[in-house]
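The lines below spell out each chain.
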Amino acid sequence: MTTDAEQRQRVLAEAHAQTQAIRGGHHRTHEMEHSEPLFLTSSYVFESAADAAQRFSGDIPGNVYSRYTNPTVRIFEERIAMMEGAEDAVATSSGMAAILAVCMAFLKQGDHVVSSRSIFGATNVVFNRYFGKLGVETTYVPLTDIDAWRAAVRQGSTRLFYLETPSNPLSEIADIAAIAKVAHEAGALLVVDNCFCTPALQQPLVFGADIVLHSATKFIDGQGRALGGVVAGRREHMAEVLGFIRSCGPSMSPFNAWIFLKGLETLSLRMQAHCANAQALAEWLNAQDGVEQVFYAGLPGHPGHALARRQQSAFGGVLSFRVKGDKAAAWRFIDATRLVSITANLGDAKTTIVHPATTTHARVSPEDRAGAGITDNLIRVAVGLEHVEDLIADMARGLAAL
Ligand SMILES: *Cc1c(COP(=O)(O)O)cnc(C)c1O
C-alpha cells in the first residue's frame, strides 16, 4: 500500500520539468497550505535533550539550524534536483558560492583543474587567485576543442573539468557527452555551469556531467531581485558540498529560496519567450548592413547549431554581435539605445546590453580576449521579455548611430 503522498511524489518524479518547476519539492505541512511556506527561523526546537543529541549527531534526520537546513530552502533544493535529474541538490548564497563550494568540496593542494577559457569572470578569479594560492593549478582550453581538453590532462592530479555552455558572450556550444568521456577517462569530475540554459532547456547530467551548478540570480529568479546559487548531482557528492556549506556558511536565505520558488513556477514559459525574442532579434540583426556577424546558436549558420539542437530544447536568451567598425562604433550603438538597460546582468525580464571588451571581459588580457573572439566591436544582448518589435526598434536606433 502506498499513501496518497507517495503516489503524488511518483507522479511528479515522472512529470516534465515544466510541471516539476511548479510543484516539485513541496511536502504540504499540517496547515494544508497551497503555496510554498516561508520558514523565517534560524533554529529549531527539539523534543528532549536526547532528541537534540541525536539530531546533532545526524542519527535522527531533521532541522537543527538554518545554516544547515531550512524547510523553504529544502523545497528549492528538491525542486532543482528533480528538474536536473539529480539525486540531490544544495542551495548556496550566490552563484559564486556554488562554484566555491564545489571547489572546496573536491579540490586539495596539488590538484589540477582543466577549464574552458570562456567562463564567467569571477570564476576565473576563484581558480587563479584563490585556488592558485592554495596550490591548485588551472589549465584553460578552447571550449569546443576536444583534443585540447584531452591534452591538458595531468595524469593523477586532474580532478575537475569545468565549463559553461552556451558560452558567454559568443554562444559557443560544448559537446557535454564528449567532454564527460575525456574527464572520466582521466578520473576527473565534469562540472557544468548551466546558468544560461537552466534545466528548462538543458540537463547536463543526462549527457554525462557529474555536477551541475547555477547562479539562481539569473533566469531562475528571472526578475533581478535576489542572489542565490545551487549545486546538483549524486548524493555522495552533494553530502560533500553540504558539508562545506553548513560549516563554512554561504547558505541560501529562506526568503531568497521563496523568491526562486516563485521564479521557477514561470521558468519554462519565460525561457520560451526569452528564446523566441532572441531568435527574432538575432535574425533581424543578421540581415542588417551595419552588423558584421551575429553569434546565436539558433542561427543555422552558427557552428554549434546542430549540437545545440541535440543538447538543448531551445537556443537560449543571450546573443552577441559585431558591428561594422571599432570600439567607438560599438559604444555609439549602445549609447543610442533608449529602451534596453546598459548593465552586465542577464536573465531578467528587462533586456540588457553591454560592451564585453571594456566591462565583463576588461580584466582579460588583450591577447586572451582576441583568442576568445571578444573583439572591440562586439556587443552582447541578454534578451528580455519586452515586445520584440520594441526591441528591434531600439536596436535600429543603435544601428542608426553607427
Ligand atoms: C552570474 C553568473 C555567475 C555568478 O553568480 P552570482 O549569483 O552573481 O554569484 C556564475 N556563472 C555564470 C555563468 C553567471 O552568469
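Residues numbered from 1 in each chain as written. Predicted model: local features only at pLDDT ≥ 70, side-chain atom pairs only at ≥ 80, totals over all residues. Heavy atoms only, no water.

Q: I'd like a description of the site of the ligand, backed by residues and values.
A: Near the ligand, the surroundings consist of 14 residues, among which Gly95, Asp193, Ser215, Thr217 and Lys218 are the closest. At a separation of 2.8 Å, an oxygen atom of the ligand approaches a polar side-chain atom of Ser215. Relative to its free-state accessible area of 380 Å², the ligand is covered by the protein chains to the extent of 92%. Ranked by residues supplied to the shell around the ligand, first place goes to helix α5 (residues 95–106) with 3 residues. (Near = heavy atom within 4 Å. Polar contact = N/O pair within 3.5 Å; in protein donor to acceptor, adjacent residues only side chain to side chain. Areas by Shrake-Rupley, 256 points an atom, 1.4 Å probe, with all protein chains shown as cover. Helix = DSSP H or I, 4+ residues; strand = E, 2+ residues; numbered from the N terminus.)

Q: Give me the sheet that holds strand β3 (residues 137–141): which residues, what numbers.
A: A sheet is described by the order of its strands in space; here 7 strands give the open sequence β1-β7-β6-β5-β4-β2-β3, paired in mixed fashion. Unpaired on one side and paired on the other, β1 (88–92) and β3 mark the two borders of the sheet. Across the sheet, the mean angle separating the axes of adjacent strands is 20° when strand polarity is ignored. As judged from the 3 bridges shared by strand β5 (residues 189–193) and strand β6 (residues 211–215), these two strands associate in the parallel manner. Paired with Val192 across the bridge in β6 is Val212. (Pairing = 2+ DSSP bridges. Axes fitted to C-alpha atoms, helices over the stretch in contact; angles between N-to-C directions.)

Q: So, the packing of aromatic side chains: which residues are in play, and what are the values?
A: Per the counting criterion, the structure on display carries 8 aromatic pairs. Over the ring of Tyr68 we find Arg246; its NZ or CZ atom is 3.9 Å from the centre of that ring. Over the aromatic face of Trp331 sits the side chain of Lys327, whose NZ or CZ is 4.5 Å from the ring centroid. (Phe/Tyr/Trp six-rings, centres within 6.5 Å; stacked < 30°, edge-to-face > 60°. Lys NZ or Arg CZ within 6 Å of the ring centre and 35° of its normal.)

Q: Please provide a residue-by-residue account of unusual backbone geometry, values included.
A: The step from Thr165 to Pro166 runs through a cis peptide bond, and the omega angle for that step is 0°. Structurally, Pro166 is set in the loop between β4 (158–164) and α8 (176–185). Residue Pro169 is bonded to the preceding Asn168 through a cis peptide linkage, with omega at 5°. Among the secondary structure elements, Pro169 is positioned in the loop between β4 and α8. The phi dihedral of Ser171 is positive, around 55°, even though this residue is not glycine. Along the chain, the position of Ser171 falls in the loop between β4 and α8.

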